[in-house]
Amino acid sequence: MKINIKSACLLGVLLFYCSISCMAQFPPPAGQPGSTAIFKDSSVIVGWATGCTVHRGLINISDSTIVYDGKNRASYGSDTSALNKADDSPVSLGDGGYAIVTFDKPITNGPGFDFAVFENGLNDSFLELAFVEVSSDGINFFRFPSVSNTQTIKQIPTFGVVDATKIDNLAGKYRVSFGTPFDLEVLAGTPGLDINRITHVKIIDVVGCIEPAFATHDSKGNIVNDPWPTPFNTGGFDLDAIGVLHFTNVPENRSV
C-alpha cells in the first residue's frame, strides 16, 4: 500500500494532541480560577468531625526496621487531632494507615459537595494524598472513584511535587487550611450504601510508592505516585479535619 508520509505525520500529531486532551485535567490549586478548594472559615461548612480512631501505618512500608525516635510507625498527633475545626494540628497516618471518623449527625447528600477533608500540605505542590471511603452502617465502606494521572515512571521523592490538576477524588489535593470536597452523589446507587445517612468516613493513606510490591492504585488501575518515602513521625497523610456541608436532621451518637 502506498502511504502518504506527510498525511501520516499529520495524523500522528493529531493523535498525540488528542491523547493529551483526553487525559483528564482536574481543578487547580486553591485560589486559582476553577478550584474547588473550601477554606476552613467558609460559611458553607456547618459542622466538623466529633469522633476519630486512628490505625497507624509504618513510616516506611518497605522496611519495618526503619525507625524515627525509636518508633517504626507514624506517631505525630493523636486521634483527637482530627476533631473539630481545621487548625493545622493534624494526626499522621503513616504508610497505608487510616482513620475512621464520625459525626454528631449523619452526613446527607445535598446540592453539590457534602463534606471536605483537610490536610496540612505546606504549599500547592507538596501534596500527600489519601483515599476516601464512606459508610452508612460503620461496617461496609465504599470508596470514591479516585483518579491519579501523575506519571509513574519516576518516584516522586520525599519532598517532591504533585500537580493538583492531575488528581481527583483524593484527599490532600489542596494546601493547609483548604479542604478537598467530596460529593456523595458520585456514589448514588451503590448497593449497601445510603448516601443520605453517612455515619462514618474513612481516610486511608495512599502510600505513594510506585514499586509494585507496595503501590496502591486509583479506580482506573493507575499507581498513585506521591512523595515517598516519608520516614518520619509525621509520615504519610496528615489528617487535620473533616468539615461537613450537609447534615441530616437526625442525631447520630454512634461510637467509632
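All of these numbers come straight from a predicted model, not from anything done at the bench. (Residues numbered from 1 in each chain as written. Predicted model: local features only at pLDDT ≥ 70, side-chain atom pairs only at ≥ 80, totals over all residues. Heavy atoms only, no water.)

## Re the environment of Val46
Piece 1. For Val46, the position within the fold is in the loop between β1 (38-39) and β2 (47-48).
Piece 2. Setting aside anything within four residues of it in sequence, one finds Val46 in contact with Val244, Leu245, His246 and Phe247. (Helix = DSSP H or I, 4+ residues; strand = E, 2+ residues; numbered from the N terminus. Contact = heavy atoms within 4.5 Å.)

## A word on the environment of Thr36
Piece 1. Within the secondary structure, Thr36 is located in the loop between α1 (5-22) and β1.
Piece 2. In this structure, the C-alpha to C-alpha distance between Thr36 and Phe26, residues ten residues apart in sequence, is 9.7 Å.
Piece 3. Only 2.8 Å separates the side chain of Thr36 from the side chain of Tyr174, close enough to count as a polar contact. (Polar contact = N/O pair within 3.5 Å; in protein donor to acceptor, adjacent residues only side chain to side chain.)

## A word on unusual backbone geometry
Piece 1. Residue Pro229 is reached from Trp228 by a cis peptide bond, and omega for that bond is 0 degrees.
Piece 2. On the secondary structure map, Pro229 appears in the loop between β12 (198-205) and β13 (238-239).
Piece 3. One non-glycine residue with positive phi stands out, namely Asn169, at about 55 degrees.
Piece 4. For Asn169, the location among the structural elements is in the loop between β10 (167-168) and β11 (178-182).
Piece 5. Residue Asn169 is classed as buried on the basis of its relative accessible area of 13%. (Buried < 20%, exposed > 50% of the residue type's maximum accessible area, 1.4 Å probe, protein only.)

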